[in-house]
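One letter stands for each residue in the lines below.
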Amino acid sequence: MDTNVIIAIVAVIAIAAVLVIGGWWLGKSRKAAVAKSTEAAKAKADARLAAERAAAESAVGTKETAESAAEETVGLTTSAVSSEPSETESAETAAAGTETSVGNKPASVEPAVAEPSKPAETVAPAVETPEAAGTRMQRLKARLSKSGNPFGKALFNILAKDQLSEADWEDVEDTLLLADVGAEASEQLVDELRNDARIAGQSDPAEVRAALKDKLLKLVGTDTDRRLNANKENANKPSVIIMVGVNGTGKTTTAGKLARLFVADGKKVMMGAADTFRAAAADQLETWGDKVGVPVVRSDKDGADPASVAFEASAKAKEENADVLIIDTAGRLQNKSNLMDELGKIRRVTEKNLPVDEVLLVLDATTGQNGMTQAKVFAEAIGITGVVLSKLDGSAKGGIVISVQKELGVPVKLVGLGEGPDDLAPFDPEGFVDGILA
């Protein structure tokens, strides 16, 4: 065998022996380290357990000492109290099964029983307090006086001139017509102003204003009974009010505001959502009612028979002994005859339970003469008892108050002052005229 091969074999054997011996030595060292670490951890755990055991024994001893002291205190107190027991106390003690300390015998004390916790009370949603009717007309008067162009101011500026010409009188009539007073009423007012001595010749502004106020009040009407029938002495209970009018006049909103007005007067109110044609009408009415605690009778599905809703609402109002029932109705005019037939049916069905005291026609004051044709349709088809002018918040269309009464033959009973929830007020002729002349 070659010498080099032999040397290589010997070298390989030597290296293998070194590796085996080295691995054995490292394993032995690792085992020793692990054993040492385990012993140290065990010793540490034993020490910790011993410390915890000592602490627990110390706490138990302290607790026993405290309990012994407490028992001694209770025993002394019981002995003192029971040294001269009354007959009542003895009877109560015997009934409760407790032992009273007699002589050296200690008294037994029963543990106190914890009372069960009470469930948290449900907080009811806050109910708003509507504004009283008395202050609402004052706000209307203030709004009219601050508005950009109430026709009263324009009239006063013309009539306050000295020696009025024909052109001036034509301006007066044009101003009245633009304010939707109406042609017949405008002609009547101009004739009366021409013949008033306070305006002819040298005009005193104070006298002109007084003359104009007198004439306007005469046209508006001061002797008319504008009270809602529900507020009269001989009103039925519940007093039923049906709201009618075309869509877009604010009819449903006005119904909600009217409910607030009655609530402010301390009346128990209920509403019926008989406008089943417009999907959001019942939800809108319910929102108004929730704010002041007024229940709303509505159908559980859209497109239900409105007369059935009115019938259910009147029956419910009678059962609940409400003061007022307000029934909101649909206002579509695509087919006038069908709409009027529907309104007539609502009234007839309602009157099977309760008489209908009031039918209020809601008109948008800003539409002026354009809404008069629609108003006449309602007036001819269903017996209206009064008019509500919505959106009468200081616009130049204030003359609609005069023309609507003259055309329909019924009084304006309520006016809407704006968009606020309490912007509905009983109509006051003097406050209205003062506002447009301020």
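Residues numbered from 1 in each chain as written. Predicted model: local features only at pLDDT ≥ 70, side-chain atom pairs only at ≥ 80, totals over all residues. Heavy atoms only, no water.

Some points on the pairing of strand 4 (residues 324-328)
Buried residues dominate strand 4, accounting for five of its five residues. On strand 4, burial covers both faces: Val324, Ile326 and Asp328 on one face and Leu325 and Ile327 on the other are all buried. For strand 1 (residues 239-244) and strand 4, the ladder comprises five bridges, and the chain directions are parallel. Considered in strand 4, the bridge of methionine 243 is made with aspartate 328. Where strand 2 (residues 269-273) lies against strand 4, five bridges are found, and the strand directions are parallel. Paired with valine 269 across the bridge in strand 4 is valine 324. (Buried < 20%, exposed > 50% of the residue type's maximum accessible area, 1.4 Å probe, protein only. Helix = DSSP H or I, 4+ residues; strand = E, 2+ residues; numbered from the N terminus. Pairing = 2+ DSSP bridges.)

Topic: the pairing of strand 2
Every other side chain in a regular strand lies on the same face of the sheet, so the side chains alternate between the two faces. With five of its five residues buried, strand 2 lies for the most part within the structure. Where strand 2 and strand 3 (residues 296-297) come together, two bridges link them in parallel fashion. Note on strand 3: the bridge partner recorded for glycine 272 is valine 297. In this fold, strand 2 hands off to helix 9 (residues 281-292), which returns the chain to strand 3; that crossover is right-handed. (Right-handed = clockwise from strand over helix to strand, strands pointing away.)

Focus on the nonpolar core
The tendency in soluble globular proteins is for nonpolar side chains to be buried side by side. In this structure, Leu159, Val172, Leu216, Leu389 and Leu408 are the most contacted members of the largest nonpolar core, which totals 71 residues. Ranked by residues supplied to this core, first place goes to helix 7 (residues 205-220) with seven residues. For valine 172, the contacting residues outside a window of four places in its chain are Leu155, Ile158, Leu159, Val190 and Leu193. Grouped together as the second largest cluster of nonpolar side chains are 24 residues, Leu258, Val292, Val294 and Val362 included. (Core = buried A, V, L, I, M, F, W, Y, C linked by side-chain atoms within 4.5 Å. Contact = heavy atoms within 4.5 Å.)

So, the layout of surface pockets
The calculated volume of the second largest pocket comes to roughly 160 Å³. Contributing to the lining of the second largest pocket are Thr249, Gly250, Thr253, Thr254, Lys257, Ser390, Lys391, Gly416, Gly418, Glu419 and Leu424. Sorting elements by how many residues they give to the lining of the second largest pocket places helix 8 (residues 251-264) first, with three residues. (1 Å grid on protein atoms, 1.4 Å probe; cavity = no way out; pocket = protein on both sides within 12 Å on 5 of 7 lines; lining within 4 Å. Points joined across faces, edges and corners; volume = space filled by probe spheres on them.)

Focus on empty space enclosed by the protein
To find leftover empty space, one rolls a probe the size of a water molecule over the atoms. For the structure on display, the rule yields two cavities of 30 Å³ or more. Computed from the structure, the largest cavity encloses a volume of approximately 90 Å³. The wall of the largest cavity is formed by Ala273, Asp275, Thr276, Arg278, Ala279, Ala282, Arg298, Ser299, Lys301 and Asp302. Along the lines of polarity and charge, the residues of the lining of the largest cavity split into three nonpolar, two polar and five charged. (Nonpolar A, V, L, I, M, F, W, Y, C, P; charged D, E, K, R; others polar.)

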